[in-house]
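Listed below are the residues making up each chain.
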Amino acid sequence: MTDMKKNHVLGFIWVIVAVFIAAFLIMELTSFSIGGNIKGWIERHVPRDLKVSDEISFSSQKNALPADGVKIINAELIFLPLEIQKSEDNDIHIDFLNGAEEKCTFAKSEGRIVIQEKRLKGKKDYGVLLKIPSSFTGILNLESNGGGIKVSGIKLPELDIENISGSINVTDCEFEGLNVETVSGSLHADGNFEQIDIEAVSGSVEISTLCALKRKSSLESVSGSIVLELPEDSDYCMTFECVGGKFTDNITGMQDAKNGTSENGKGSVLVSVSSVSGSVKVSPSKVVL
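The rules behind these values
- Residues numbered from 1 in each chain as written.
- Predicted model: local features only at pLDDT ≥ 70, side-chain atom pairs only at ≥ 80, totals over all residues.
- Heavy atoms only, no water.
- Helix = DSSP H or I, 4+ residues; strand = E, 2+ residues; numbered from the N terminus.
- Buried < 20%, exposed > 50% of the residue type's maximum accessible area, 1.4 Å probe, protein only.
- Contact = heavy atoms within 4.5 Å.
- Areas by Shrake-Rupley, 256 points an atom, 1.4 Å probe, with all protein chains shown as cover.
- Polar contact = N/O pair within 3.5 Å; in protein donor to acceptor, adjacent residues only side chain to side chain.
- Patch = residues over 30% accessible without salt bridge, like charges linked within 9 Å, V, L, I, M, F, W, Y side chains within 5 Å.
- Salt bridge = Lys/Arg side-chain N within 4 Å of Asp/Glu carboxyl O.
- Phe/Tyr/Trp six-rings, centres within 6.5 Å; stacked < 30°, edge-to-face > 60°.
- Pairing = 2+ DSSP bridges.
- Core = buried A, V, L, I, M, F, W, Y, C linked by side-chain atoms within 4.5 Å.

A.B. asks: Report on the overall build of the chain, specifying residues and quantitative values.
C.D. replies: Secondary structure assignment for the chain yields two helices and 23 strands. Here the chain holds 289 residues, and 43% of them are scored as buried. Taking the intrachain contacts of the chain between residues at least 6 apart in sequence as the baseline, contacts between residues at least 24 apart amount to 51%. Here the chain displays about 15200 Å² of accessible surface, and carbon together with sulfur accounts for 54% of that area.

This is the structure:
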């Protein structure tokens, strides 16, 4: 009887530990982690400089705002799909599709635009289309709980994405820094990226850059494969670790390894890749003629 009680107690303890680890991991990826991340989340989600008088209720489908003076755009959606495109003029366009303005709030303050979705489930055909002009040189922060994110044809210093579920597609874009944190759902990104920082729990990760990485970069996945395409003449020193899969570098010729270092050129840029379950593959990027 004593041994049975001990087994029950140990089983209960392990359940608590597993729940705590899972919760902590999700908190980390959604920036709710203990300590400094709480402060960072508050600063991003509850801007102190926003006033009630700055809030605008949109009644029309399409809206245009001057890009002059805007340094940060925050789009924080829950269920609505979000698409980012290049604007054809010098304004920032916010288009609400099929009545989605009823599900969103908007605030503009000094140097910041914030679009937020109310915590109400919308119809499947709802959506938000954000168009950004070439003159915008600020930071774009995108957050989604499951609606999916599409970004195409834009050039920015930084793109930051935090995603719970749903696919992320970044096509024909140019960023000095591409930073993505996602819990579930696939990630595909192609364009020109000087630095990448990817953290994924589940789902495949595919990154293709036509320019060589210039700053320290990392790709981490718990469950899911990683595909990284780089120019053949890239200079990198890549450290890798694969627990359940294998690492292959078709640029340097390293095949089917578990952990180690793969170096190309002068090895001047540090890159780290890791996957707990899934393979990691590095290949030459495909040049579009």
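Moving on from the coordinates now.
A.B. asks: Report on the side chain of Thr182, specifying residues and quantitative values.
C.D. replies: Within the secondary structure, Thr182 is located in strand S12 (residues 168-182). Looking at Thr182, the relative accessible area reads 0%, which means it is buried. Of note is the side chain of Thr182, whose polar atom sits 3.1 Å from the side chain of Asn163.

A.B. asks: Please give an account of the environment of Arg112 that cites residues and values.
C.D. replies: On the secondary structure map, Arg112 appears in strand S7 (residues 112-117). Since its relative accessible area comes to 16%, Arg112 is described here as buried. Separated by 27 residues in sequence, Arg112 and Ile139 place their C-alpha atoms 9.8 Å apart.

A.B. asks: Break down a nonpolar patch on the surface for me, with residues and values.
C.D. replies: A cluster of nonpolar residues, Val222, Val243 and Val276, forms a patch on the protein surface that exposes about 230 Å² of accessible area. Here Val276 shows up in strand S22 (residues 270-277).

A.B. asks: Can you tell me about the pattern of salt bridges, naming the residues and giving the values?
C.D. replies: Inspection of every chain in the model, using the stated rule, returns three salt bridges. Between Lys155 and Glu174 there is a salt bridge, with the nearest N and O atoms lying 4.0 Å from each other. In this pair, Lys155 sits in strand S11 (residues 155-163) while Glu174 sits in strand S12, placing the two residues 19 residues apart along the sequence. Judged by its relative accessible area of 34%, Glu174 is partly exposed.

A.B. asks: So what's going on with the packing of aromatic side chains? Which residues, and what values?
C.D. replies: Applying the stated criterion across every chain, the model contains two aromatic pairs. Between Phe175 and Phe193, the ring centres sit 6.0 Å apart and the planes meet at 10 degrees, which makes this aromatic pair stacked. Here Phe175 is found in strand S12, whereas its partner Phe193 is found in strand S13 (residues 187-193), with 18 residues between them in sequence. By the burial criterion, Phe175 is buried, and Phe193 matches it.

A.B. asks: Describe the pairing of strand S9 (residues 139-144), with residues and values.
C.D. replies: Taking burial as the measure, the six residues of S9 include five buried ones, the bulk of the element. Pairing of strand S3 (residues 72-77) with S9 involves six bridges; the strand directions are parallel. Within S9, the residue paired with Asn74 across the bridge is Asn141.

A.B. asks: Explain unusual backbone geometry to me, and be specific about the residues and the numbers.
C.D. replies: Trans is the common state for peptide bonds, and a negative phi is the common state for residues other than glycine. One non-glycine residue, Asp172, adopts positive backbone phi at about 50 degrees. The phi dihedral of Asp256 is positive, around 50 degrees, even though this residue is not glycine. Mapping Asp256 onto the fold places it in strand S20 (residues 254-257).

A.B. asks: Report on the nonpolar core, specifying residues and quantitative values.
C.D. replies: Leu140, Leu142, Val151, Phe175 and Ile207 are the most contacted members of the largest nonpolar core, which totals 61 residues. Considering every element that reaches this core, the biggest residue donor is S12, with six residues. Leave out the neighbours within four places in its chain, and Leu140 touches Ile73, Ile84, Leu130, Ile132, Ile154, Leu156, Glu158, Leu159 and Asp160.

A.B. asks: So what's going on with the side chain of Ser221? Residues and values would help.
C.D. replies: Relative to the elements of secondary structure, Ser221 occurs in strand S16 (residues 217-223). If we ignore the near neighbours within four places in the chain, the residues touching Ser221 are Ala200, Val201, Gly203, Ile226, Ser274, Ser275 and Val276.

A.B. asks: Describe the pairing of strand S10 (residues 149-152), and please don't skip the residues or the numbers.
C.D. replies: Side chains Ile149 and Val151 project from S10 onto a buried face, and the interleaved Lys150 and Ser152 project onto a face without burial. The pairing of strand S4 (residues 82-86) with S10 spans three bridges and is classified as parallel. Among the inter-strand pairings, Glu83 is bridged to a residue of S10, identified as Lys150.

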